[in-house]
Amino acid sequence: MKIRRKQRITGFLVIVWMSVIFAFSAQPGAESGRVSGGVAYRIISTTNRIFGMELSVSELLRGVQILDYPLRKGAHMTEYAILGALTAAFFASMGRDGKRRYVPALLTAAAYAVTDEIHQLFVPGRTGKLSDVCIDTVGAAVGLLGVYLLGKIVRKHCEKRRRPLQYK
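Cut-off values and rules
- Residues numbered from 1 in each chain as written.
- Predicted model: local features only at pLDDT ≥ 70, side-chain atom pairs only at ≥ 80, totals over all residues.
- Heavy atoms only, no water.
- Phe/Tyr/Trp six-rings, centres within 6.5 Å; stacked < 30°, edge-to-face > 60°.
- Buried < 20%, exposed > 50% of the residue type's maximum accessible area, 1.4 Å probe, protein only.
- Helix = DSSP H or I, 4+ residues; strand = E, 2+ residues; numbered from the N terminus.
- Core = buried A, V, L, I, M, F, W, Y, C linked by side-chain atoms within 4.5 Å.
- Contact = heavy atoms within 4.5 Å.
- Expected span 1.5 Å × (residues − 1).
- Patch = residues over 30% accessible without salt bridge, like charges linked within 9 Å, V, L, I, M, F, W, Y side chains within 5 Å.
- Areas by Shrake-Rupley, 256 points an atom, 1.4 Å probe, with all protein chains shown as cover.
- Salt bridge = Lys/Arg side-chain N within 4 Å of Asp/Glu carboxyl O.

Just give me the short version of the packing of aromatic side chains, but keep the residues and values in it.
Enumeration over the complete set of coordinates arrives at 2 aromatic pairs. Their ring planes at 65 degrees and their centres at 5.5 Å tell us that F90 and F91 sit as a pair that is edge-to-face. We classify F90 as partly exposed; its relative accessible area is 25%. You can call F91 buried: its relative accessible area is 11%. Considering the side-chain rings of Y102 and Y148, the 6.1 Å spacing of their centres and the 85 degrees angle between planes classify their relative orientation as edge-to-face. Of this pair, Y102 sits in helix α4 (residues 99-120) while Y148 sits in helix α5 (residues 130-162), placing them 46 residues apart in sequence. When its relative accessible area of 18% is taken as the criterion, Y102 is described as buried. When its relative accessible area of 34% is taken as the criterion, Y148 is described as partly exposed.

The following block contains the structure:
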């Protein structure tokens with residue numbers, strides 16, 4: 001695939017994913033809470049059913065309350081891990097490697113996290129938090145680490161395949 005074509009495709013994917021993040025951030029607080037609360041409820045109720053825990057309604061709702069916060073922050077990290085991986089692919093499509101790929105990818109994701117939190121200041125029931133910028137940036141770093149490690153594994157595998165078998 002030509003370099004220009006890779007740049008267009010990866011750039012398009014970055015913009016699409018940023019749009020997905022923007023759409024999630026544009027949800028009013030009550031709607032966002034219903035979505036994450038619904039997911040937490042499904043997890044707790046499914047766990048209750050699978051393991052036969054026989055939780056009461058109040059215990060079930062308490063479990064939902066406990067799970068909701070880490071679930072929301074995990075979603076933040078996942079969104080930005082994907083953004084980090086996509087921005088790394090974009091910078092790689094421009095022929096950048098190593099630090100010249102990962103540092104700009106991390107800075108791009110961090111900058112977008114800042115703009116995302118500013119955007120949330122204007123959404124009813126939402127707030128912009130520095131702690132969320134940090135969580136998002138850590139998520140991007142985790143995504144970049146995953147890309148780096150996956151690349152290392154693939155390169156190592158490819159190197160092994162190129163070497164002939166040696167019998168001792």
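Picking up after the structure, the text goes on.
Describe the nonpolar core, listing the residues and the values that go with them.
Counting residues in hydrophobic clusters, the biggest one holds 11 residues: V14, M18, I21, Y80, L83, L86, A109, Y112, A113, V133 and A140. Beyond its immediate chain neighbours, meaning those up to four positions away, I21 contacts E79, Y80, L83, Y112 and D116. Among the nonpolar cores identified, the runner-up in size contains 5 residues, and A88, F91, A105 and L144 belong to it.

Residue-level account of helix α3 (residues 57-93), with values.
Structurally, the α-helix is built with 3.6 residues per turn, so residues lying three or four positions apart point the same way. In a regular helix each residue adds 1.5 Å, so 37 residues correspond to 54 Å; α3 covers 52 Å between its end C-alpha atoms and thus fits that length. Positive phi appears at G95, one or two residues downstream of α3, with a value of about 85 degrees.

Can you lay out a nonpolar patch on the surface for me, pointing to particular residues and giving the numbers?
A contiguous nonpolar surface patch, about 340 Å² in accessible area, is contributed by I9, F12, L13 and V16. Structurally, F12 can be placed in helix α1 (residues 3-25). The class of F12 is exposed, set by a relative accessible area of 54%.

Purely geometric numbers; function is a separate question.
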